[in-house]
Amino acid sequence: MQKILALTLLGASLSACTLVGNPTTKDVSGNLVGFPSGANLRLAVVGYSNGNYTADGSESQVIDPYITKGFVLDLPRTLGYGTYRVVVFKDANNNNRLDTGDTVVSRPNTKLLVRAQRDDQYYSGIKTGWNVYDTGNGGSSSLALNNYDLQYNGN
């Protein structure tokens, strides 16, 4: 499913989306709901690791709110163990980074990306490595980081 979405997104990117590199690991994927056309949209992984706030939008991504209404993202390999979210932002200065002047335009969802050093770190059911943890129902998965859907917040 992820490979099909990635190929579809890649083909669609040639006509109507932002393509920054070609995601190789395709770690996270999901749908984009309600995003406007004509905005310079990018993805970033934001969260906390060892008490420090992190915002990283440097990895390869395909984001297409117009045709396939989805995204695929490689996770940064430099992120420490911690809890993160994927956000969509308007890249005001077109530097491919979430920084001052950029506006996050996605609503927070109930899903966290959790990078754990050991089983049950942060939440019960978390496995070593990358996981999706749903704070709404307490469920977690270390098998697939897909269905990480993002909605437009109206900004």
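Residues numbered from 1 in each chain as written. Predicted model: local features only at pLDDT ≥ 70, side-chain atom pairs only at ≥ 80, totals over all residues. Heavy atoms only, no water.

A. Structural context of the overall build of the protein. Counting its regular elements, the protein contains one helix and 12 strands. The N-to-C order of helical and strand elements in the protein reads α-β-β-β-β-β-β-β-β-β-β-β-β. Once local pairs closer than 6 in sequence are excluded, the contacts in the protein between residues at least 24 apart make up 65%. As displayed, the protein offers around 7,700 Å² of accessible surface, 49% of which is attributable to carbon and sulfur atoms. (Helix = DSSP H or I, 4+ residues; strand = E, 2+ residues; numbered from the N terminus. Contact = heavy atoms within 4.5 Å. Areas by Shrake-Rupley, 256 points an atom, 1.4 Å probe, with all protein chains shown as cover.)

B. Structural context of unusual backbone geometry. In this model, N96 sits at a positive phi of 60°, which is unusual for a non-glycine residue. Assignment of secondary structure puts N96 in the loop between β7 (82-90) and β8 (103-104). Residue N96 is classed as partly exposed on the basis of its relative accessible area of 30%. Here Y122, not a glycine, exhibits a phi torsion of approximately 75°, which is positive. Along the chain, Y122 falls in the loop between β9 (111-116) and β10 (129-134). (Buried < 20%, exposed > 50% of the residue type's maximum accessible area, 1.4 Å probe, protein only.)

C. Just the nonpolar core, in detail. Within the largest apolar cluster, 23 residues are counted, with the highest numbers of intra-cluster contacts made by V28, F71, V86, V88, L113 and L150. Secondary-structure elements contributing two or more residues to this core are β2 (28-33), β3 (41-49), β6 (70-73), β7 and β10. Each residue touching V86, except ones within four places of it in the same chain, is listed here: V28, L43, A44, F71, L73, L113, Y148 and L150. (Core = buried A, V, L, I, M, F, W, Y, C linked by side-chain atoms within 4.5 Å.)

D. Region of the structure containing the environment of N146. Tracing the backbone through its elements, the reader meets N146 in the loop between β11 (140-141) and β12 (150-151). Judged by relative accessible area, N146 falls into the partly exposed class, the value being 23%. Separated by 116 residues in the primary sequence, N146 and G30 place their C-alpha atoms 5.6 Å from one another.

E. Structural detail: the side chain of S106. Structurally, S106 can be placed in the loop between β8 and β9. Of the polar contacts made by the side chain of S106, one reaches the backbone nitrogen of V88; its length is 3.0 Å. If near-sequence neighbours (up to four positions away) are discounted, S106 is found in contact with F35, V87, V88, L150, Q151 and N153. (Polar contact = N/O pair within 3.5 Å; in protein donor to acceptor, adjacent residues only side chain to side chain.)

F. The arrangement of the pairing of β7 in detail. Of all nine residues in β7, seven are buried, a share of seventy percent or more. Bridge count between β7 and β9: three bridges; the pairing is antiparallel. When the sheet's bridge partners are listed, T83 is paired in β9 with V114. Bridging between β7 and β8 involves two bridges; their strand directions are antiparallel. In the strand pairing of β8, K90 is matched with T103. (Pairing = 2+ DSSP bridges.)

G. Region of interest: the environment of Q117. For Q117, the location among the structural elements is in the loop between β9 and β10. Overall, the relative accessible area of 48% leaves Q117 in the partly exposed class. For the pair Q117 and W130, spaced 13 residues apart in the sequence, the C-alpha separation amounts to 9.2 Å. Excluding anything up to four places from it in sequence, Q117 contacts Y81 and T128.

H. Examining the confidence of the model for the protein more closely. Taken as a whole, the protein shows an average pLDDT of 81; of its residues, 85% reach a score of 70 or greater. Predicted confidence for residues 1-20 stays below pLDDT 50, and this span has 49 contacts to residues more than four positions away or in other chains. (pLDDT = per-residue confidence, 0-100.)

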